Structure formats: structure tokens, C-alpha cells
Amino acid sequence: MLATEQSESRGRTRFILKKVLGSLLTLVFVLVFNFVLFRIVQSDPIGSLFRGRNVPAAKIADLRTAFGLDESLWVQFWAYVRQTFQLNFGISYQSRQPVWNEIVSAIPATVALVGISAVFSAVIGTIGGVIAAWRRNTWKDHAITSGTMVFYSMPDFWLGMILLVGFAVVLGWFPVGGMSDAGSTATGLALLLDRLHHIFLPALTLTLAYLGEYALVTRSSLLDVMGEDYLTVARAKGLRDVVVRNRHAVPNALLPVVTLTAINFGFVLSGAIAVEAVFSWPGLGKATADAIRGPDLPMLQGLFLLFSAAVIFFNLLADVAYAWLDPRVEGA
Amino acid sequence: MNQLVLSVKDLAITYHSASGPVPAVRGVSFDLAVGDSLGLAGESGCGKSTLANALLRLLPDGTTTSGEVMIDGQDLFALSPGGLRAVRWTTGAIVFQGALHALNPVQTAGRQVREPMLIHHTVGSEDEARVRSRQLFERVGLPANQLDAYPHQLSGGQRQRVLIAMALACDPQLLIADEPTTALDLMVQAQVLALIAELRRESSLSLIFITHDLSVLTYVADHLAIMYAGKIVEEGPSLSVFQNATHPYTRALAAAFPTIGDPSSRLAPSGLAGDPPTPGALPSGCPFHPRCPLAEDRCQTAEPDLRPAGPGQRAACVLV
């Protein structure tokens, strides 16, 4: 027993170390790519700073020196790396505030909106997928599969607009945008209710948009598992149908869904760009949409790095969760 | 006559596929007394595994069955869902084929062995279940530390032993072994067979042993039933069926295995030409006639019933 346990935990530790190392390498690549990308895109940062206004050449030269743009690419690259580790991403063109401060202030709104939607879509979608598979080819299956398919194939910003027009503009049940009523001084419970009132439509949009993926992946994964012999064995043992499902079928079928959930959380920060823009939700997605319109290049550079880091981190989390849940993962 | 643990009468099982009905079992009858053992043999597709699964009503939804199965005096097809669950594993348990994914890959072997005891309350507590599973592992020759192993950490032979321990968990009266030695190497096969034979000697366990390997059956089964195209074509005491096969199919099956101690049979194994018929498209008359070396014209029209073919032996062939 000790021997197997030890070799097993050693196998898992090795597996996780390998994944951590891989993630760090990817992060380094992203760091370099982010630098190169914005050197290609941004041919004249000083010019875009003044947006075509007339500025004396001497002033431009001074600014070039001040921003370090007269240095070689290598010097610029090392400055970029050094400052990135100091969480210094430069100054936003639009707000004149440090990019990092702008990003940090937008994070809570996005985490709240996309976090809630991600949890709801994962839970409801997975349950729907389980019901559809377990009762396959019944009306329940057809209703769930075709219903989720409809939302899955809809562009999320379009769905958002329809809900916005229907429930906010025509019916007036919900506010048309933002995170709280303008000039509201509510506190405590009233503040919470106000926030919930505002978050409802964008959260519903994102939940509906992501629901389908979970339902369809869960359904097909569970259908695969349902063909396995160990389910016949479980039934032969005299287990109730619902126990066979919940103890032997669903846990095994959920392994790919765990990965999907973790990966989707990686896109939580960046995935809501269009929907946040539709509902004027003051999060990272709207910040990105605004920065693209600028274009506010330092802001975009900072956001890209953050989004990439989030995707890499949650991918790593998915791998670790998988190794934790599936004993078969050993240094694979 | 001994008390019957199992009595099967005219059991017919039809699957319904997209291309039409597939009669997998077409009228099978046999009795099994307490402590007796029956070997079921035939090529793949002859309906033997379907029959095994039907004995605990494990067939997929939408499968049609007719006939009667009495298990421990209860009418299997008349049981309520709760009654059926109570029969499963306590009256009859199945030893599934270990080479397949019969064990849940993400649960330890011990947990899967304990599960039926806890479901059927044959033990009072989780601790008792642990004690009993340790005893069962010892009984089937597995070290106790392998209770904590996951299926992928076990060899094929060890997995098969886990499946046997699992089947014995609730002390069933009837053990249905569905190809338990298939895909094991010869030495392990012999060990598993010896274990099953030993378990039978120790208790009044009744056994149905299903395989395509006729030579294995003479070792563990008192009676043999040879199946072809969903029917029993020959049955009787093991040795006499094996040595004095009367049905041409049984003879072909017996001849396909070399006789130990007779080198000439190893050098000239006699195979059986052709493939078994597809259950969805059976030939007319005797379903074996297209492959039968002795087939006559009348074999193409009428399907023979089982008729006496020696002491306690019956065969379904017009030539006996």
C-alpha cells in the first residue's frame, strides 16, 4: 500500500510540477509576444499621444527621450520586463492614470458579473446535460438540447441587446446599464439590491450564452460513460438508478466538464468585452472596448497581459484539478 | 430432485436495432439445482452473454423478452423494481469480464467491493464491510493492501480476482461467470479457474460459467449447454458432451481445441469454416446447415428440436 501510494503521489507531484513549469514558460512567451506585438502595432506612440495636434519637433524629441523610445529595442525590452514585474504598465492615454490602477479598479465589477454568470451557467448547464443524457431521446432531452443549442449559437452581444431592449427599454423592469443608479447614495441592503437589479440582465445574458456549452459537453461525456461496463455492474449490484447515475456515471462524466469550467474561468476576465460594452458595465471588458476605440495602447498592453495570465493560470488550475480528481493521471 | 435456484423456460430475447429486430436468444430452457454448475459455450454472437445479463434483467431498455425465469422461486419478470434490486447480487451475482471496464476507474477496488454489502445491508457498518472485504480479498488470493488500489494499478488477473471478490460480497446463491478467463494469459486463467472450482467445493454455490472455450468448461461445470444462434443445440453432462459430442457443431467446437497429450492434434487443429450467422439474418431451417459438413437437403427447411442423444444428453440435430 505504501509503495503504491508513494509512487502515486510522486507521479502526481511530478505531473503538477511539469504543468507549473509549462505555464511559466507560456507566461514568458506571452510577455515577449506582448512586447513585440505592440512594437509592430505602435509605429508612433508620441504622435498618437497628441492625436495630430501641432507640437514642436524639439518637444517631440524630448518626449522620445523621456519615454526611452530613442533607446535600442533591447534596452526598451528590459525596461518593459523590469516594469512589468513592478506592476508598472505605464500611463493610460485616456485617463492619464497608471494603467495598473485603472485595471485594478475595473476588476471587481468584472469578477462579480462574469463570476456569477460562470457559476450559474456551469451549474445549470451541467444539470441540464445530465438530465438530457440520462433521459436521452425523450422530450426532456430534446427540449434541453435544442433549447441550449439556440442560446449557444446566438452571439452574446446580440442576445444582450435583445434582452436590453425587451426588459429594460420596452418593459422598463431593469436599468439600461451601469452598475448602480447615478447619484445613488444607498448603503447596506438597499445598495445590494440596487447592484443586483443592475447585474441581472448582463448576468442573464452571459449565463444563457455559456449554458449551452456545458449542457452539450456534459451530455456527450455522460453518454460516453453510459456505455461503460461498470455501469452495468453497478446496476447488477442492485443500486437504484439514481445512485448508479450520481455515484458511478456523473463523477466520471464530469472530468471533462471540470476542465471546461476552469478554462472558461480563464476567459472570465476577457470574455465579456462585448456584453459589458452593451450594458455599460464598468469592468475590464468595457475598459478593453474603450481602449480599443482610443486606441489606448498602454491600457491594451496591460489588459492583454492580464487576460493571458488569467487563461494560463486557470488552465494550470484545470490540470491540477484533473490530477486531483482522476487517479489515472500520473505523469501523463 | 434438489431445490432449483434457477429455472429458465422458453426464454427468448429480441433486441430492436435501427435495421429491425435482432433475435439474440430464441427459446432457451434449463434448470439449475442448488450447488450445481452449468457451462454455457458457443462462439461470440450466439447469445450467451445476452442470456447471462437477462438473468438479472440487465438488458438495455426496449429489449423484448418472453418466456419465464424463476430465480430462487421468484418470477424474475414479475418483480417490482425494489424486488428486482433485492434479488440482484444477493441471490444472483455476476462475475464480469475483468478485461473490460467492469471496474469504475476512479474508485478504489475496496470501495467497489464494499458497495454491494452496504447497499443490501449484509453488513452492519462501514467497518464491518472493511473487515469482510479484507477477508474476501484473502479468499481470492489478493493482498489486503490492494483494497486501496485503483483498477489501473492492478494486472488483468488481479482485476479478475477483484471482480470475483465483489461478486461474493453478499454471499449469493448463484454465481454467473461471464467469460471470466477471457483475455487472461494461460497461467492466470488456470489460477482463476482453480479459484472458482475451490469456491464451489467449499459452499453450496451454484454456478453458470459462460465461455467460448469448451476445454475450460469440463473443469468447472458438471453440465454443459452448447449454444448456437440463440438456441441450445446440445446439452448433457460435461464429460459426455465433450467426449461424445453428437451435434456436428459441438464436435467442431471440441476439435478446435488441441487435446493435451496428443501432439498430432496441435499440429492439425481443425477449425470451423465460416462465421456464425448474424442474429438479424438467420439461415432457414437449421441455422448451422450452411457451415455443417454433414448437412442434408432437409436441414435447409426444418429446424430440429432437442432430442435424446445418449445418457442424459440431448442434441438438436436430425442426424441423432
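Please refer to the structure higher up on the page.
Just so you know, these numbers come straight off a predicted model, no measurement behind them.

Let's talk about the overall build of chain B
Line of reasoning, step 1. The helix and strand inventory of chain B stands at 10 helices and 12 strands.
Line of reasoning, step 2. The globule rule puts the C-alpha radius of gyration for 320 residues at 20 Å, and the 20 Å found for chain B is close to it.
Line of reasoning, step 3. Residues classed as buried in chain B amount to 52% of the 320 residues present.
Line of reasoning, step 4. In chain B, once contacts between residues fewer than 6 apart in sequence are set aside, the share between residues at least 24 apart is 64%.
Line of reasoning, step 5. Entry remark: accessible area of chain B is about 13,700 Å², with carbon and sulfur atoms responsible for 53%.

Examining the packing of helix α3 (residues 109-120) of chain B against helix α4 (residues 126-139) of chain B
All names here are of chain B.
Line of reasoning, step 1. It is the contact of α3 with α4, at a shortest axis distance of 9 Å, that shows an interaxial angle of 120°. Classified by the angle their axes make, α3 and α4 are oblique. Of the two elements, α3 crosses α4, and the hand of that crossing is right-handed. In this structure, α3 uses A109, V113, R114, M117 and L118 to contact α4, whose residues at the interface are E126, A129, R130, R132, S133, L136 and F137.
Line of reasoning, step 2. For the contact of α3 with α4, a count of residues per class yields 7 nonpolar, 1 polar and 4 charged.

Let's talk about the pattern of salt bridges
Between side chains of opposite charge, pairing is possible as soon as their charged atoms come close.
Line of reasoning, step 1. On inspection of all chains with the given rule, the structure shows 18 salt bridges over all chains.
Line of reasoning, step 2. Here B:E126 ties to B:R130 by a salt bridge, and the two come within 3.6 Å at their closest N and O atoms. Here B:E126 pairs with B:R130, and both are found in helix α4, just 4 residues apart, close to one helical turn.
Line of reasoning, step 3. Exposure remark for B:R130: the relative accessible area of 33% places this residue in the partly exposed category.
Line of reasoning, step 4. Among the charged side chains, a salt-bridge network with shared partners connects A:K237, A:R247 and B:E115.

Digging into unusual backbone geometry
Negative phi characterises most residues that are not glycine, and trans characterises most peptide bonds.
Residue and element names in this part refer to chain B.
Line of reasoning, step 1. Positive phi, normally seen in glycine, also occurs at D10, with a value near 50°.
Line of reasoning, step 2. For D10, the location among the structural elements is in strand β1 (residues 4-17).
Line of reasoning, step 3. D10 sits in the exposed class, given a relative accessible area of 53%.
Line of reasoning, step 4. If you check the backbone angles, D171 has positive phi at about 50° while not being a glycine.
Line of reasoning, step 5. Turning to its location among the elements, D171 is positioned in the loop between α5 (156-168) and β7 (174-178).

Brief notes about the sheet that holds strand β2 (residues 20-33) of chain B
Residue and element names in this part refer to chain B.
Line of reasoning, step 1. One open sheet accounts for 4 strands, arranged β2-β1-β4-β5; its pairing is antiparallel. What marks the edges here is a single partner per strand, and that holds for β2 and β5 (74-75).
Line of reasoning, step 2. As paired elements, β1 and β2 share 11 bridges and run antiparallel to each other. Looking at β2, one finds that L6 is bridged to L32.

Notes on a nonpolar patch on the surface
Residues and elements named next belong to chain A.
Line of reasoning, step 1. A grouping of I116, V119, F120, V123, I124, I127 and I131 is seen on the molecular surface, where their side chains present a nonpolar patch of about 570 Å² in accessible area.
Line of reasoning, step 2. Considering the arrangement of structural elements, one finds I131 in helix α5 (residues 99-134).
Line of reasoning, step 3. Residue classification places I131 among the partly exposed positions, given a relative accessible area of 31%.

Description of the interface of chain B and chain A
Line of reasoning, step 1. Of the residues lining the interface, 27 residues belong to chain B; the matching set on chain A comes to 21 residues.
Line of reasoning, step 2. Interface area, chain B with chain A, both sides summed: about 2,400 Å², of which 58% is carbon and sulfur.
Line of reasoning, step 3. In this structure, the connection of chain B to chain A is made through 2 salt bridges.
Line of reasoning, step 4. We note a salt bridge from B:E115 to A:K237, for which the minimum N-O separation is 2.9 Å.
Line of reasoning, step 5. Taken together, the connections running from chain B to chain A amount to 11 residue pairs in polar contact (both at pLDDT 80 or more).
Line of reasoning, step 6. For the side of chain B that touches chain A, the element with the most residues is α3(B), which contributes 6 residues.
Line of reasoning, step 7. Here the side of chain B that touches chain A is composed, by residue class, of 14 nonpolar, 8 polar and 5 charged.

Some details on the sheet that holds strand β10 (residues 231-237) of chain B
Residues and elements named next belong to chain B.
Line of reasoning, step 1. What the 8 strands build is an open sheet, ordered β6-β7-β8-β3-β9-β10-β12-β11; its pairing is mixed. If you trace the sheet from one side to the other, it starts and ends with β6 (92-95) and β11 (307-308), each paired once.
Line of reasoning, step 2. Most of the contacts of α5 go to β6, to which it runs at about 175°, and overall it touches β6 and β7.
Line of reasoning, step 3. Against the sheet, helix α9 (residues 248-255) touches β9 (223-228) and β10, its axis set at about 105° to β9.

Details of the environment of A:A118
All names here are of chain A.
Line of reasoning, step 1. On the secondary structure map, A118 appears in helix α5.
Line of reasoning, step 2. Look at A118 and you get buried, because its relative accessible area is 7%.
Line of reasoning, step 3. With 147 residues separating them along the chain, A118 and F265 place their C-alpha atoms 7.0 Å apart.

Quick word on the pairing of strand β3 (residues 37-41) of chain B
Residues in a regular strand point their side chains to alternate faces of the sheet.
All names here are of chain B.
Line of reasoning, step 1. When you tally the buried positions in β3, you get 5 out of 5 residues, the bulk of the element.
Line of reasoning, step 2. In the sheet, β3 pairs with strand β8 (residues 206-211) via 5 bridges, with the strands oriented parallel. Looking at β8, one finds that L38 is bridged to I208.
Line of reasoning, step 3. Bridge analysis of β3 against β9 gives 4 bridges, and the strand direction is parallel. Bridge pairing in β9 links L40 to A225.

Focus on the environment of B:A177
Residues and elements named next belong to chain B.
Line of reasoning, step 1. Tracing the backbone shows A177 in strand β7.
Line of reasoning, step 2. Note on A177: relative accessible area 0%, which makes it buried.
Line of reasoning, step 3. For the pair A177 and V28, spaced 149 residues apart in the sequence, the C-alpha separation amounts to 18 Å.
Line of reasoning, step 4. Leave out the neighbours within four places in its chain, and A177 touches V95, L207, I208, F209 and I210.

Here is what the cut-offs are and how they apply
Residues numbered from 1 in each chain as written. Chains lettered and ligands numbered in written order. Predicted model: local features only at pLDDT ≥ 70, side-chain atom pairs only at ≥ 80, totals over all residues. Heavy atoms only, no water. Helix = DSSP H or I, 4+ residues; strand = E, 2+ residues; numbered from the N terminus. Rg over C-alpha atoms; globule rule 2.2 N^0.38 Å. Buried < 20%, exposed > 50% of the residue type's maximum accessible area, 1.4 Å probe, protein only. Contact = heavy atoms within 4.5 Å. Areas by Shrake-Rupley, 256 points an atom, 1.4 Å probe, with all protein chains shown as cover. Axes fitted to C-alpha atoms, helices over the stretch in contact; angles between N-to-C directions. Parallel < 35°, antiparallel > 145°, perpendicular 65-115°, else oblique. Left-handed = near helix turned anticlockwise from the far one by under 90°. Nonpolar A, V, L, I, M, F, W, Y, C, P; charged D, E, K, R; others polar. Salt bridge = Lys/Arg side-chain N within 4 Å of Asp/Glu carboxyl O. Pairing = 2+ DSSP bridges. Patch = residues over 30% accessible without salt bridge, like charges linked within 9 Å, V, L, I, M, F, W, Y side chains within 5 Å. Buried area = accessible area lost by both parts, 1.4 Å probe. Polar contact = N/O pair within 3.5 Å; in protein donor to acceptor, adjacent residues only side chain to side chain.

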